[in-house]
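# Coordinate inspection notes
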Amino acid sequence: VTTIRAAAAYLPRHRLDRAAAGIGRGTRSVASYDEDATSMGVEAARAVLGAGGGDAVDAVVFCTTAPPYADKTNATALHQALNLDRSTAAYDAVGSVRSVVGALRSAADAAAAGRTTLLVAGDVRTGLPGSGDERDGGDGAAALVLGPGGDLAELVATGSASAELLDRWRIPGEPTSKVWEERFGETEYGPLADAALADGLKAAGLSVGDVDHLVVTGLHTRAVGAARKAAGARADAVVDDLLSSVGVTGAAHPLLLLTDVLERATPGQVVVLLVLADGADCLVLRAGSAAGATTGSARAVQDQLPGRTVAHTDVLVWRGLLRREPPRRPDPDRPAAPPSSRNAAWKFGLVGSRCTECGTRHLPPERVCLSCRAIDRMEPEPLAGVRGTIATFAIDHLAFSVAPPVVAAVVDFDGGGRIQCELADVDPERVAIGDRVEMTFRRMYTTADGVHNYFWKARPIEGGAG
Amino acid sequence: MGSNGIRDRVAIVGMGCTHFGERWELSTDDLLVDAATMAMDSAGLPQEAIDAYWLGTMGSGHAGITLSRPLKLDYKPVTRVENFCATGSESFRNACYAVASGAYDVVMAIGVEKLKDSGYSGLVVDPPAHDGTAAALTAPSMFSLLAPAYAQRYGVSEEEMADVLARIAWKNHANGARNPRAQFRKEVPIETIKGSPRISGQLGVFDCSGVSDGAAAAVIVRAEDAHRYTDRPLYVKALSFVAGPGTGPMDDRYDYTTFEEVVRSSQDAYEQAGITDPRAELALAEVHDCFTPTELVLMEDLGFSPRGQGWRDVLAGAFDRDGDLPVNPDGGLKSFGHPIGASGLRMLFECWLQLRGEAPEDRSLASVQAGRTLGLTHNLGGQPGACVSFVSIVGSEPSA
């Protein structure tokens, strides 16, 4: 029996009002200018692991259709950001939405063999202005821990159908995809979905009437709607695919919807996940005793649905589809490889140092204690999970940013230690001394020669509590 | 603090200072030739009489060749120094020590910066290879951190703080309006200052020093030789420089209302010069007003105002040209901009003019006429909590 131990999702704060952009009704989620598939994946993974849950992970696998890097593994950034052990393997499964289903099935096989996998999917779905992808896409991330033991859900059976079809495609490096006429895909996906669903249910020894939660997803939203109808499940079993509020978050969406369902399911219920992507895949799961609540340190998907409206032009600028006059400042120069490697625990994992003589925390890690001047009496001090308070701040209209002004703050951590850093997801008019913040992994900027500079920012805690 | 000082052992006998501003027509070489020539003419010395040079520049050149080539120096020692925004002052300090040591008889300290050619807004520093984790704050942001922290600590309302900062900018512009060498030579109404476009936090355009090109130079000799060159030398009373441990940005006990580096270096300088009440004893102070909150905090760190009272003194006009202690009577960085290598020597140049009675009448100081003979210059470089600080005290009279 393969089990899912934990599930968590991360939705970025911003929402595009489709009506305001002239592309329909409802909203879609939008990654902020300083987020990408990797950074959102880190946020989902931090939530699913909770405090210190990474110890038992044998491998981390990262899935996305929008890898920030090609020819370089993206999962290693997650691995370092999560402070996983060096012996924990880190792999990408990138390209299409289908990759995440394959990775999930591989992780299930690994679990059956006694190994634990952290499966992370994050995506930024971009389309040209006015396109279906702009309208129906969404940005977000989700993460599962699969392995022996645990009680969130078990994978009972699978069914799969593969097909070579030119429904959508993209030359690597292009920012957006092209799609064939909609009706073609809708017609092609129907029999594939039927076959995968039938095979999965048959292997599980169930009929469609036994399904308590039917989740159907894929980038072809008309085909998804048709397959959902054609499945013949009970009306109360059909799960909202969040198209109207979030959009389809690409490779993240199957895990996002599964997380949402497991947060609301009751133990013993049958969950079917049907994913349409260059074929169809059916996963039949049974909710375990931990179902019906969030796991890890996650915020429930339903609680993350409301967001803050962002202007269409801002989204276009953030995605590089609209160019804005740059400030008269030099472009940021690239972080250099050797110091980035030497300081990887600091840069990616926000690990400072603590003086073993007097307990003072140092960010970044130092060799000489700022309080007692002891030399080389330091131990690593992870601070990503520690909250803090704004001691003072600056709103910088001059500094380079895709989304000026840069809001920077001096943050004092609970239990000691200070960092001077940027704030994320902040309203410049509302920031104040004394505000409570938590740390979040972000892509600070991308240099002219294509280096993504990942580091941590402080984010005001919603509601100001905590 | 472990410094002995060189009080009254060396003296300035000649100075030069270019017009600061957008000097599109002049190169770094031109500015250096101009400032060096003015200083030599002021001292009545030919180039051959100068034994050694200290050149301060942050980024307009590297190595002594930056100076020796444009001046075609005849195989003389030229030391190029850099110490953030105290670069110009640092060239002066080391030049003074060289004379005091007896190694040379006549030396020149010269500073230059050509900022406008970059095409950027504000200062741009090329950092060494890094890991990309340092907060990418511009200078106005780093110093704007002082304003909310000061207001919070001393219960100053946002409106009062706006008045205080505007008052500082207004004063320095009013002084600069009377200085032909300044970049900005216009008085600016308080309301214009307060309504200027925001740069960072509470700081608007008029809270920030300008970006300019400029150069300045001083000729330094042993004090006992000074009267060979001028009847009115300026004696060096104190030189102090400290680099702080840089812990403010990572130490949660630092509250962004003070520069400890300035406190330490000014105490050291006052001790060297035998000053106990700087506000009453100094005739003028040229301080590092890179941003208006910096000048506010400096009034307390330099001991001109008690803690928490600097803002009241500013509003009361204590540091105006006719106040208790004139601060930045030449217009400061506000009116001159901040060509980094030149600024410290530009400050000394104002002491040179004022203490020797050469300042133009509309800028002359009652404090000097009342018999005060000492001037202070101050630079700091870096950011609040992690900076370097320089303080010098010069005087027109040798000690009794």
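Quick caveat, the model's predicted, so the values are computed rather than measured. (Residues numbered from 1 in each chain as written. Chains lettered and ligands numbered in written order. Predicted model: local features only at pLDDT ≥ 70, side-chain atom pairs only at ≥ 80, totals over all residues. Heavy atoms only, no water.)

## Brief notes about the pattern of salt bridges
Residues and elements named next belong to chain A. To keep it simple, the criterion reads: We define a salt bridge as a contact between a side-chain nitrogen of Lys or Arg and a carboxyl oxygen of Asp or Glu at a distance within 4 Å. The helix and strand labels rest on DSSP assignments: H or I over at least four residues marks a helix, E over at least two residues marks a strand, and numbering proceeds from the N terminus. When accessible area is computed with a 1.4 Å probe and restricted to protein chains, residues below 20% of their type maximum are described as buried, those above 50% as exposed, and intermediate ones as partly exposed.
What the rule picks out here adds up to 63 salt bridges over all chains. The partner of E438 in a salt bridge is R387, and the shortest N-O contact between them spans 3.3 Å. Within this pair, whereas E438 is found in strand 21 (residues 436-446), its partner R387 is found in the loop between strand 17 (378-382) and strand 18 (388-396), the two being separated by 51 residues in sequence. On the basis of relative accessible area, R387 is assigned to the partly exposed category, the value being 31%. Taking the shortest distance from any N to any O, the salt bridge between K457 and E422 comes out at 3.3 Å. Placement of K457 in strand 22 (residues 452-460) and of E422 in strand 20 (residues 418-422) is noted, with a sequence separation of 35 residues between them.

## Here's the deal with a nonpolar patch on the surface
Here is the rule we go by: Like charges are joined within 9 Å and nonpolar side chains (Val, Leu, Ile, Met, Phe, Trp, Tyr) within 5 Å, but only among residues with over 30% relative accessible area and no salt bridge; these make up the patches. Only the protein chains shown count as covering a residue, and every accessible area follows the Shrake-Rupley method with a 1.4 Å probe.
Together, A:L166, A:W169, A:W180 and A:F184 give the surface a local cluster of nonpolar side chains, amounting to about 380 Å² of exposed area. Examined against the element boundaries, A:L166 turns out to sit in the loop between strand 8 (153-162) and strand 9 (168-169).

## Considerations on the interface of chain A and chain B
Put simply, the rule reads: Any two residues whose heavy atoms approach within 4.5 Å at even a single point are treated as in contact. Each of two parts loses accessible area, computed with a 1.4 Å probe, when they are put together; buried area is these two losses added. Two N or O atoms form a polar contact when they lie within 3.5 Å of each other; inside protein one atom must be a possible hydrogen donor and the other a possible acceptor, and for residues adjacent in sequence the pair counts only when both atoms belong to side chains. Nonpolar residues are Ala, Val, Leu, Ile, Met, Phe, Trp, Tyr, Cys and Pro. Charged residues are Asp, Glu, Lys and Arg, and all others, Gly as well, are polar.
Chain A puts 42 residues into the contact, and the matching count from chain B is 38 residues. Both sides of the chain A and chain B interface together cover about 3200 Å² of buried area, and 57% of this is carbon and sulfur. Considering only the surface of chain A that becomes buried against chain B, A:L370, A:R418 and A:Q420 emerge as the three largest contributors, covering 22% of it. Counting across the interface, chain A meets chain B through zero salt bridges. Put simply, chain A and chain B have 19 residue pairs in polar contact (both at pLDDT 80 or more) between them. When residues of the side of chain A that touches chain B are traced back to their parent elements, those giving at least two are helix 10 (337-342), helix 11 (344-347), strand 16 (361-362), strand 18, strand 19 (406-413), strand 20 and strand 22 of chain A. Among the residues making up the side of chain A that touches chain B, the classes are represented as 20 nonpolar, ten polar and twelve charged.

## Some details on the nonpolar core
Applicable threshold: Residues belong to a common nonpolar core when they are buried Ala, Val, Leu, Ile, Met, Phe, Trp, Tyr or Cys residues joined through side-chain atoms within 4.5 Å.
The biggest cluster of nonpolar side chains holds 59 residues, and the ones touching the most others in it are A:L118, A:L350 and A:I419. Once residues lying within four places of it in the same chain are set aside, the contact partners of A:L118 are A:A45, A:V48, A:L49, A:V57, A:A59, A:V60, A:V61, A:L82, A:A143, A:L144 and A:V145. If you look at the next biggest cluster of nonpolar residues, it comprises 49 residues, including B:L165, B:V287, B:L380 and B:I393.

## A few points about the sheet that holds strand 9 (residues 282-286) of chain B
All names here are of chain B. Convention followed: Two strands make a pair as long as DSSP finds a minimum of two bridges between them. Here, axes are lines fitted to C-alpha atoms. For helices the fit covers the stretch in contact, and angles between N-to-C directions go from 0 to 180 degrees.
Spatially, nine strands are ordered 3-2-4-7-1-8-11-10-9 in an open sheet, and the strand pairing comes out mixed. Of all strands in the sheet, those bounded by a partner on one side alone are strand 3 (78-81) and strand 9. In this sheet, neighbouring strand axes are inclined to one another by 25° on average, regardless of whether the strands run parallel or antiparallel. In this structure, strand 1 (residues 10-17) lies alongside strand 7 (residues 213-222), joined through seven bridges in antiparallel fashion. When the sheet's bridge partners are listed, G16 is paired in strand 7 with A217. Those strands touched by helix 8 (residues 260-273) are strand 8 (234-243), strand 9, strand 10 (374-383) and strand 11 (386-395), and its axis lies near 150° from that of strand 8.

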